Amino acid sequence: MHVPTDQEVDELLNVRALLEAETARLAGASAPGPDQLARLREICRKGQVAADAGEYGTAVAANNSFHAEIAAIGGNAVLAELADIVGRRAQWYYRMVAPTRGHGSWEEHAEMIEVLEAGDADRAQSLARRHTERTRQAYHRPREAGLPPREAGPH
């Protein structure tokens, strides 16, 4: 199995940051309805419960659902499809950082819901960028994030 280099991880996360920032901006501008916000809150609740229980596979799946729902709210089907492709490609990576990132990540998701409900597209975009950057930091600095060091290899 190919273990991505740090450069490959960064390239993937750069694309992820662009896509998530734009889907969040579009979702914030679209004034999500009560049903959409309720779905986001339910996904967030399930993800937090899974993270608290150490069920990281479930938490990662909930994370993917959360971001897919934001993309759907944004209403750009092509962008949503691209975000899904990149998200599936990054799943292995999120599983690596989920034990430590999980709790902070779900707090950030809850904050995103509030910003979307307020219809603040610019803040939603900024939060999405910060969210991806914090996950990148957890990968590159595992000790600081409370993760065990990665095995020596192509990193």
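Above this text sits the structure in question.
Residues numbered from 1 in each chain as written. Predicted model: local features only at pLDDT ≥ 70, side-chain atom pairs only at ≥ 80, totals over all residues. Heavy atoms only, no water.

Some remarks on the nonpolar core
Selection criterion: Residues enter a nonpolar core if they are buried and are Ala, Val, Leu, Ile, Met, Phe, Trp, Tyr or Cys, with the set joined through side-chain atoms within 4.5 Å. Buried, partly exposed and exposed residues are distinguished by accessible area as a fraction of the type maximum, computed with a 1.4 Å probe on protein chains only: under 20%, between the cut-offs, and over 50%, respectively. Numbered from the N terminus, helices here are DSSP runs of H or I no shorter than four residues, and strands are runs of E no shorter than two. Any two residues whose heavy atoms approach within 4.5 Å at even a single point are treated as in contact.
L40, F66, I70, W106, M112 and L116 are the most contacted members of the largest nonpolar core, which totals 22 residues. Counting only elements with at least two residues in this core, the list comes to α1 (6-29), α2 (34-52), α3 (56-74), α5 (91-118) and α6 (121-140). It is α2 that provides the largest number of residues to this core, a total of six residues. The contacts of L116, once residues within four sequence positions are left out, are A24, A27, G28, P32, L40, I70 and A124. Core analysis: the next-biggest nonpolar cluster, separate from the first, contains 16 residues, L13, Y93, V97 and A138 among them.

Remarks on the environment of H67
The topology assignment puts H67 in helix α3. Taking C-alpha positions, H67 is 9.9 Å from I43, a pair spaced 24 residues apart along the chain. Setting aside residues up to four positions removed in sequence, H67 forms contacts with R16, E20, H109 and H131.

Observations concerning the pattern of salt bridges
This is how the line gets drawn: Take a side-chain nitrogen of Lys or Arg and a carboxyl oxygen of Asp or Glu: if they are within 4 Å of each other, that pair is a salt bridge.
Inspection of the entire model under this criterion finds twelve salt bridges. Notably, a salt bridge pairs E42 with K46, separated by 3.8 Å at the nearest N-O pair. One end of the pair, E42, and the other, K46, are both in helix α2, four residues apart, so they sit about a helical turn from each other. Linked through salt bridges whose partners overlap, the residues forming this network are D10, E133 and R136.

Examining the packing of aromatic side chains
As a reminder, the rule being used: Pairing of aromatic rings covers Phe, Tyr and Trp, the last counted by its six-membered ring, and requires centre-to-centre distances within 6.5 Å; plane angles under 30 degrees mean stacked, over 60 mean edge-to-face, and any other angle means tilted.
If you walk through the whole model with that rule in mind, you get one aromatic pair. Ring centres 6.3 Å apart and planes at 80 degrees place the aromatic pair F66 and W106 in the edge-to-face group. Of this pair, F66 sits in helix α3 while W106 sits in helix α5; the two residues are 40 residues apart in sequence, bridging distant segments of the chain. Comparing F66 with W106, the two get one shared label, buried.

So yeah, pure geometry; function would need other evidence.
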